[in-house]
Amino acid sequence: YQLHPDSTAHNLHHTIRIVGELDVKAWKGAWEAVFQAHESLRSRYVDVEGQPFRIVHSENIPLRSVAALDWSETVLNAEIDRETQTPFRLEHESV
């Protein structure tokens, strides 16, 4: 990461298509349970005197909801590509 901070080589993504009605409250609750169970997902890393230091957030990571129901397949794929090509900063953002 430090050698190539603008690289997205380590960004992994997986998309799923949900057909039918989604219980958003249950979906969000499931993700919150995952975040609570795995503190590495709530962690960010900072440099302290040349050494990496992990900071674990106690709160869940905010989930972002995107209304993409009316998007074409082309627009949807372009948005997915845009998101996966955006590097994140370990010192500012959780894994």
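Just above, that's the structure.
So, how was this worked out
Residues numbered from 1 in each chain as written. Predicted model: local features only at pLDDT ≥ 70, side-chain atom pairs only at ≥ 80, totals over all residues. Heavy atoms only, no water. Helix = DSSP H or I, 4+ residues; strand = E, 2+ residues; numbered from the N terminus. Rg over C-alpha atoms; globule rule 2.2 N^0.38 Å. Buried < 20%, exposed > 50% of the residue type's maximum accessible area, 1.4 Å probe, protein only. Contact = heavy atoms within 4.5 Å. Areas by Shrake-Rupley, 256 points an atom, 1.4 Å probe, with all protein chains shown as cover. Lys, Arg positive; Asp, Glu negative; His and termini not counted. Charge placed at Lys NZ, Arg CZ, Asp CG, Glu CD. Polar contact = N/O pair within 3.5 Å; in protein donor to acceptor, adjacent residues only side chain to side chain. Phe/Tyr/Trp six-rings, centres within 6.5 Å; stacked < 30°, edge-to-face > 60°.

Some details on the overall build of the protein
- Across its full length, the protein carries two helices and two strands.
- Sequence-ordered secondary structure for the protein, helices as α and strands as β, is α-β-β-α.
- Here the protein has a C-alpha radius of gyration of 16 Å; the compact-globule value for 95 residues is 12 Å, and the former is much larger.
- C-alpha extents for the protein along the principal axes are approximately 50 × 30 × 15 Å.
- Looking at the 95 residues of the protein, the share that counts as buried comes to 6%.
- Sequence-distant contacts in the protein: of pairs separated by 6 or more residues, those separated by 24 or more amount to 57%.
- Summing over all exposed atoms, the protein offers an accessible surface of approximately 8100 Å²; the carbon and sulfur share of this is 56%.
- If you average the places of the 9 positive and of the 15 negative side-chain charges in the protein, the two averages end up 4 Å apart.

Details of the side chain of T84
- By secondary structure assignment, the location of T84 is in helix 2 (residues 73-84).
- Looking at T84, its side chain comes within polar contact range of the main-chain oxygen of D81, at 3.1 Å.
- Beyond its immediate stretch of four places on either side in the chain, T84 contacts T8, N11 and H13.

Observations concerning the packing of aromatic side chains
- Considering all chains together, one arrives at two aromatic pairs under this definition.
- Here W27 and W31 contribute two aromatic rings whose centre-to-centre distance is 6.1 Å and whose plane-to-plane angle is 75°, an arrangement assigned as edge-to-face. With W27 and W31 both in helix 1 (residues 24-37), this residue pair falls four residues apart, about one helical turn.
- Relative accessible area serves as the criterion here: at 37%, W31 is assigned to the partly exposed category.
- Aromatic pair W31 and F35: ring centres 6.3 Å apart, planes at 35°, arrangement tilted. One end of the pair, W31, and the other, F35, are both in helix 1, four residues apart, so they sit about a helical turn from each other.
- The buried category is assigned to F35, whose relative accessible area is 11%.
- Site record: aromatic cluster; members linked through ring pairs are W27, W31 and F35.

That's the geometry; what it means functionally is another story.
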